[in-house]
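Residue-level structure breakdown
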Amino acid sequence: MGTTGTCESCGRDATDLVAVHRAYITPAAWDEPEVVDVQPGTEQWCFPCRTHYPHEPAGPA
Ligand SMILES: [Zn+2]
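Description of the structure in this document.

On to the coordination of the zinc ion. The expected angle between donors at a tetrahedral four-coordinate metal is 109.5 degrees. At an octahedral six-coordinate metal it is 90 or 180 degrees. Around the zinc ion, the protein contributes the donor atoms Cys-7 (SG), Cys-10 (SG), Cys-46 (SG) and Cys-49 (SG), at 2.3 to 2.4 Å from the metal centre. One can describe the site at the zinc ion as tetrahedral: its 4 donor atoms subtend angles covering 104 to 113° at the metal. Donor residues for the zinc ion sit on one chain with the sequence pattern C-x2-C-x35-C-x2-C. Overall, the relative accessible area of 2% leaves Cys-7 in the buried class. We classify Cys-10 as partly exposed; its relative accessible area is 40%.

Below is the structure:
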């Protein structure tokens with residue numbers, strides 16, 4: 001698994017790209033639960049970005 005191309009998160013050339021949905025996480029506050037806002041579009045992300053940034057795996061297209 002993984003394809004070669006340019007990571008859409010950091011812009012590096014990578015050989016381990018995987019389709020993901022970017023997610024924006026709003027941390028929980030004392031009176032609010034955590035909010036995870038998963039974006040509908042898919043992006044190709046390299047391994048370091050998948051390690052460092054919140055996302056959800058995209059299913060097979
Ligand atoms: Zn990246």
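The subject of this paragraph is the pattern of salt bridges. In a structure, side chains of opposite charge can pair up when their charged atoms sit close to one another. For the structure on display, the rule yields 1 salt bridge. For Glu-43, the salt bridge identified is with Arg-22, shortest N-O distance 3.1 Å. Separated by 21 residues along the polypeptide, Glu-43 in strand S3 (residues 35-45) and Arg-22 in strand S2 (residues 13-26) bring together distant segments of the chain. As far as the burial class goes, Glu-43 and Arg-22 line up, both buried.

Thresholds, definitions, all that
Residues numbered from 1 in each chain as written. Predicted model: local features only at pLDDT ≥ 70, side-chain atom pairs only at ≥ 80, totals over all residues. Heavy atoms only, no water. Donors = N, O, S within 2.8 Å, 3.2 Å for Na, K, Ca; no water. Tetrahedral: all angles 85-135°; square planar, octahedral: opposite > 155°, others 65-115°. Buried < 20%, exposed > 50% of the residue type's maximum accessible area, 1.4 Å probe, protein only. Salt bridge = Lys/Arg side-chain N within 4 Å of Asp/Glu carboxyl O. Helix = DSSP H or I, 4+ residues; strand = E, 2+ residues; numbered from the N terminus.

Any functional reading would require information that these geometric values do not contain.
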